[in-house]
Amino acid sequence: MRVAVVDDEGNFAKKVKKDIEKFFQGQKETVKVKYFSDSSILSDLQHQKYYDLYLLDVKMPEINGIMLAEKVRTFDYNARIVFLTAYENYARHGYKVKAYDYLLKDSYQEELFLILERIQKEDSENQEEYYIISSDNRECKFPVNDILYLAKEKQYTIFHCKDGILHRERGSLQTVLGNLPKERFVLIDKGTILNLKYVVQFEKYIITLTTGENLTVSRRLRSMVQEKLLDYWEEMY
C-alpha cells in the first residue's frame, strides 16, 4: 500500500507515519509512506504517482485540506481521502469531496488502525473475481463485484449488474449460488439472490440498494438475511 501524509506539523506527521508502518509490520505487509508538509504532493500526482490513501491536514498555512482534496480528486478521482483535524465540526466539510473518513488528531491512533483494516478488507474483496457463463453458442466473463442481484426467470438465472447490464445463464439459482462468495451472496426469497455489498438499508421486509432499487425479503428468510447482513457490515466496518 502507498500512503501520503500531508501535514505542516512535522513531528505529528512523523508520528502518523511510524504508526502506519507499525500497523503494516504487524500485518507482515509492505507499505510505503511519504510525508508532505504542503501542496507539493500535487507534483507527484502530476507525474501520475498516486496513493492508495491520502491523509490530509485540514488546517495548513498555504492551502487548507479541503481545497487540497479537491485538487487531489482532479488527478485521482477514486482516491481514499481521510482528513486530519483538531476539530470535530470540520468533518462535515468532507462531504464536498466525498471523504473516506476523518481523524481527530488528539485521539487518532485507534481509529487510524480501524480505517487501515477496513481498506485492507475492501481491497481484498475488490480483487477481480470473475463469473463465467459458458454455453454452446456463447461465452461471457464479467466481475463478480458487478453483480447487484440475481433473479429466477423460467429456466434461466438473470444477473442484474451495475449500470443496468443483464446477463443470462440457463440453470437454477441454487447452482449459481454455489459458485458465488458465500459471505456476500444470500438467497432472500425463492427467486432472488442478493449481493450484500450493495445494500444501504433493510427495513421490515424491504432492502434498498445503492442504485435505489428495492427488493423484498420473504418472511421465512428475513431473520437469516438480517443476520448475514449484520455480519457482513460488522466485518467490513
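Our structure is the block above this text.
Residues numbered from 1 in each chain as written. Predicted model: local features only at pLDDT ≥ 70, side-chain atom pairs only at ≥ 80, totals over all residues. Heavy atoms only, no water.

How should the pairing of strand β14 (residues 206–209) be read in this particular structure?
In the sheet, strand β13 (residues 199–203) pairs with β14 via 4 bridges, with the strands oriented antiparallel. Paired with Q201 across the two strands is T208, which belongs to β14. Between β13 and β14, which follow one another and run antiparallel, lie 2 residues, and K204 among them has a positive phi close to 55 degrees. As paired strands, β14 and strand β15 (residues 214–216) are joined by 3 bridges and run antiparallel to one another. By the bridge assignment, T208 is partnered in β15 with N214. From the end of β14 to the start of β15, which pair antiparallel, there are 4 residues, and G212 there has a positive phi angle of about 95 degrees. (Pairing = 2+ DSSP bridges. Helix = DSSP H or I, 4+ residues; strand = E, 2+ residues; numbered from the N terminus.)

What am I meant to see in the sheet that holds strand β8 (residues 147–153) here?
Working definition: the strands of a sheet are paired by backbone hydrogen bonds and lie parallel or antiparallel to each other. As summarised here, the arrangement of the 5 strands in space is β10-β9-β8-β12-β11, forming an open sheet in which the pairing is antiparallel. This sheet does not close on itself; its edge strands, each paired only once, are β10 (166–170) and β11 (185–189). The average undirected angle you get between the axes of adjacent strands in this sheet is 20 degrees. Across 5 bridges, the pairing between strand β9 (residues 156–161) and β10 is antiparallel. When the bridges of β10 are listed, F159 appears paired with H167. (Axes fitted to C-alpha atoms, helices over the stretch in contact; angles between N-to-C directions.)

Sorry, what's going on with the pairing of strand β6 (residues 130–134) here?
Side-chain positions along a regular strand alternate between the two faces of the sheet. Residues Y131 and I133 of β6 are buried on one face, while the alternating residues Y130, I132 and S134, pointing to the opposite face, are not. Both β6 and strand β7 (residues 139–143) contribute to a ladder of 5 bridges, which runs antiparallel. Bridge pairing in β7 links Y130 to P143. (Buried < 20%, exposed > 50% of the residue type's maximum accessible area, 1.4 Å probe, protein only.)

I tried to follow the pattern of salt bridges on my own but got confused; where do I start?
Opposite charge on two side chains permits them to pair, given that their charged atoms come into close proximity. Scanning all chains against the criterion turns up 12 salt bridges. When the shortest N-O distance is used, the salt bridge between K34 and D44 registers 3.1 Å. In this pair, K34 is assigned in strand β2 (residues 32–36) and D44 in helix α2 (residues 41–46), connecting sequence segments 10 residues apart. Take K34: its relative accessible area is 35%, and that puts it in the partly exposed class. Taking the shortest distance from any N to any O, the salt bridge between D146 and K162 comes out at 3.5 Å. Here D146, found in the loop between β7 and β8, pairs with K162, found in the loop between β9 and β10; they are 16 residues apart in sequence, far enough to count as distant. Residue classification places D146 among the partly exposed residues on the basis of a relative accessible area of 24%. Salt bridges here are not isolated pairs; linked through shared partners, they connect D7, E9, D57 and K105. (Salt bridge = Lys/Arg side-chain N within 4 Å of Asp/Glu carboxyl O.)

Can you walk me through unusual backbone geometry in this structure?
Keep in mind that most residues, glycine aside, have a negative phi and that most peptide bonds are trans. Phi at K28 takes a positive value of approximately 55 degrees, unusual for a residue other than glycine. As for its position among the elements, K28 is in the loop between α1 (10–26) and β2.

Which parts of the structure should I look at to understand the side chain of N195?
Assignment of secondary structure puts N195 in strand β12 (residues 192–195). For N195, the side chain forms a polar contact with the main-chain oxygen of I147, separated by 2.8 Å. If near-sequence neighbours (up to four positions away) are discounted, N195 is found in contact with V144, N145, I147, L148, R184 and F185. (Polar contact = N/O pair within 3.5 Å; in protein donor to acceptor, adjacent residues only side chain to side chain. Contact = heavy atoms within 4.5 Å.)

Looking at this structure, how should I read the sheet that holds β15?
Across the sheet, which stays open at both edges, the 3 strands sit in the order β13-β14-β15 with antiparallel pairing between neighbours. With partners counted over all chains shown, the strands left at the sheet margins are β13 and β15, one partner each. In this sheet, neighbouring strand axes are inclined to one another by 25 degrees on average, regardless of whether the strands run parallel or antiparallel.

Please explain the packing of aromatic side chains as it appears in this structure.
Here a ring pair, both rings aromatic, is described through the centre-centre distance and the interplanar angle of the planes. Scanning the model with the defined rule gives 8 aromatic pairs in all. Measuring from ring centre to ring centre gives 5.4 Å for F12 and Y108, while their planes differ by 75 degrees; the resulting arrangement is edge-to-face. Remark: Y108 occurs in helix α4 (residues 108–125) and F12 occurs in helix α1; sequence separation between them is 96 residues. This pair shows no difference in class: F12 is buried, exactly as Y108 is. With centroids separated by 5.6 Å and ring planes inclined at 35 degrees, the aromatic side chains of F23 and F113 adopt a geometry described as tilted. Here the residue F23 occupies a position in helix α1, and F113 occupies one in helix α4, the gap between them amounting to 90 residues. According to the relative accessible area criterion, F23 is buried, its value standing at 7%. The partly exposed category is assigned to F113, whose relative accessible area is 21%. The ring of Y156 has R168 sitting right over it, with the charged end atom 4.1 Å from the ring centre. Positioned over the ring face of Y205 is R222, at 5.6 Å from the centre of the ring. (Phe/Tyr/Trp six-rings, centres within 6.5 Å; stacked < 30°, edge-to-face > 60°. Lys NZ or Arg CZ within 6 Å of the ring centre and 35° of its normal.)

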